[in-house]
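As a plain string of letters, each chain reads:
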Amino acid sequence: MPSLPDDARILPDHLSRNEQEALLDDIREIVKAAPLYTPAMPKTGKPMRVRMTNCGTLGWVTDKAQGYRYQAFHPVTGKPWPVMPERLLSLWRELADYPHDPEACLVNFYGQDAKLGLHQDRDEEDFDAPVLSVSLGDSCRFRIGGTSRSDGTASLRLNSGDIVLLAGRSRLAYHGVDRIYPGTSTLLKNGGRINLTLRRVTRPV
Ligand code: MD6
Ligand code: FE
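Because the structure is a prediction, the values reported are computed rather than measured.

What follows concerns the overall build of the chain. Helices and strands together make up the secondary structure of the chain, namely two helices and twelve strands. For 205 residues, the compact-globule estimate of 2.2 N^0.38 gives 17 Å, and the C-alpha radius of gyration of the chain, at 16 Å, lies within 12% of that figure. Each principal axis of the C-alpha atoms in the chain carries an extent, and together these give about 45 × 40 × 40 Å. Going through the 205 residues of the chain one by one, you find that 52% of them count as buried.

Once that is clear, we can look at the layout of surface pockets. Rolled over the atoms, a probe with the dimensions of a water molecule shows which regions are left empty. Of the pockets and cavities examined, the largest pocket occupies roughly 670 Å³. What lines the largest pocket is a set of 36 residues, among which Met 48, Trp 60, Leu 116, Gly 117 and His 119 lie closest to the centre. Elements with a contribution of two residues or more to the lining of the largest pocket: β5 (104–110), β6 (116–119), β7 (131–137), β10 (163–166), β11 (175–181) and β12 (193–199). When the residues that make up the lining of the largest pocket are grouped by side-chain class, the tally is 17 nonpolar, nine polar and ten charged. Here the second largest pocket is characterised by a volume of approximately 350 Å³. What lines the second largest pocket is a set of 18 residues, among which Arg 28, Phe 109, Leu 188, Gly 191 and Ile 194 lie closest to the centre.

With 17 residues, helix α1 (residues 17–33) ought to run about 24 Å at 1.5 Å a step, and its terminal C-alpha atoms sit 25 Å apart, in line with that. Next to the buried residues of α1 lie β2 (51–56), α2 (86–95), β5, β7 and β12.

For β5, the buried fraction is high: seven of the seven residues fall into the buried class. Because side chains alternate across β5, one face comprises the buried residues Ala 104, Leu 106, Asn 108 and Tyr 110, and the other comprises Cys 105, Val 107 and Phe 109, equally buried. In this structure, β2 lies alongside β5, joined through six bridges in antiparallel fashion. Within β5, the position partnered with Gly 56 by the bridge is Ala 104.

On to the coordination of the iron ion (ligand 2). Coordination of the iron ion (ligand 2) by the protein comes from His 119 (NE2), Asp 121 (OD) and His 175 (NE2), over a distance range of 2.1 to 2.2 Å. Site description for the iron ion (ligand 2): donor spacing in sequence, H-x1-D-x53-H. Residue His 119 is classed as partly exposed on the basis of its relative accessible area, which comes to 23%. Relative accessible area serves as the criterion here: at 9%, Asp 121 is assigned to the buried category.

Within the largest apolar cluster, 29 residues are counted, with the highest numbers of intra-cluster contacts made by Leu 88, Val 134, Ile 194 and Leu 196. Of all elements in the fold, only α1, α2, β5, β7, β10 and β12 reach the threshold of two or more residues within this core. Broken down by element, this core gets its largest block of residues, five residues, from α2. Not counting the four nearest positions on each side in its chain, Leu 196 is found in contact with Leu 23, Ile 27, Leu 88, Cys 105, Leu 106, Val 107, Leu 132, Ser 133, Val 134 and Leu 136. In this structure, Tyr 37, Val 50, Trp 81 and Val 177 belong to the second largest nonpolar core, which totals 27 residues.

The sheet built from six strands is open, its strands ordered β1-β10-β7-β12-β5-β2 with antiparallel pairing. The open sheet has two free edges, formed respectively by β1 (8–11) and β2, since each of these has just one partner strand. Between one strand and the next, the sheet's axes are offset by a mean angle of 15°, whatever the strand orientation. Where β7 meets β12, seven bridges bridge the pair, whose relative direction is antiparallel. Of the residues in β12, the one forming a bridge with Val 131 is Arg 199.

How each quantity is defined
Residues numbered from 1 in each chain as written. Chains lettered and ligands numbered in written order. Predicted model: local features only at pLDDT ≥ 70, side-chain atom pairs only at ≥ 80, totals over all residues. Heavy atoms only, no water. Helix = DSSP H or I, 4+ residues; strand = E, 2+ residues; numbered from the N terminus. Rg over C-alpha atoms; globule rule 2.2 N^0.38 Å. Buried < 20%, exposed > 50% of the residue type's maximum accessible area, 1.4 Å probe, protein only. 1 Å grid on protein atoms, 1.4 Å probe; cavity = no way out; pocket = protein on both sides within 12 Å on 5 of 7 lines; lining within 4 Å. Points joined across faces, edges and corners; volume = space filled by probe spheres on them. Nonpolar A, V, L, I, M, F, W, Y, C, P; charged D, E, K, R; others polar. Expected span 1.5 Å × (residues − 1). Contact = heavy atoms within 4.5 Å. Pairing = 2+ DSSP bridges. Donors = N, O, S within 2.8 Å, 3.2 Å for Na, K, Ca; no water. Core = buried A, V, L, I, M, F, W, Y, C linked by side-chain atoms within 4.5 Å. Axes fitted to C-alpha atoms, helices over the stretch in contact; angles between N-to-C directions.

By themselves, these figures tell us nothing about what the structure is for.
So, in structure tokens, the structure goes:
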């Protein structure tokens, strides 16, 4: 099995149970103000299997007509995204090794049958900034490869409290979520998995 791409960092168990619960409280507030919605793929309009929302000044969205993009408001409610919780800003400042704050935090919710196809995160202007990901709830099988879709991939299990950083040469690595392992965490009462990805979107001037 190919190993992790250069510059990708996995920090297993980075968040304690208490920290995970505190973060979950933050996410619950975000979801109250900015409900999870089902995004659609560009062009085909096919619904994604993951439900999403965002916090921060910008949020990542996709729909049939306009495709992948960042925008300052929720596509269903039309309201600005909730502010990024201090807890997430601190995590970025601690780990990102990047001199500017993140602008977007994408919140992905996976039910037990959800998955996310192999993709690159490339809708941001500044690839010098890493993408920092936090996993909460049920474990998943995460797949990561190189910067070509045809490169070999490695699979690893991500558990609640794990953090992944795609930085440097791994910033544009292909990655996806093959499957959720139901019943592997007690963090979320009704099961499922939450993934948070913190991003710098615009190039700082
Ligand atoms: C997920 N993660 O773990 C999906 N993207 O549910 C991502 O798509 C991702 O983990 C960029 C950087 C790290 C990631
Ligand atoms: Fe991604």
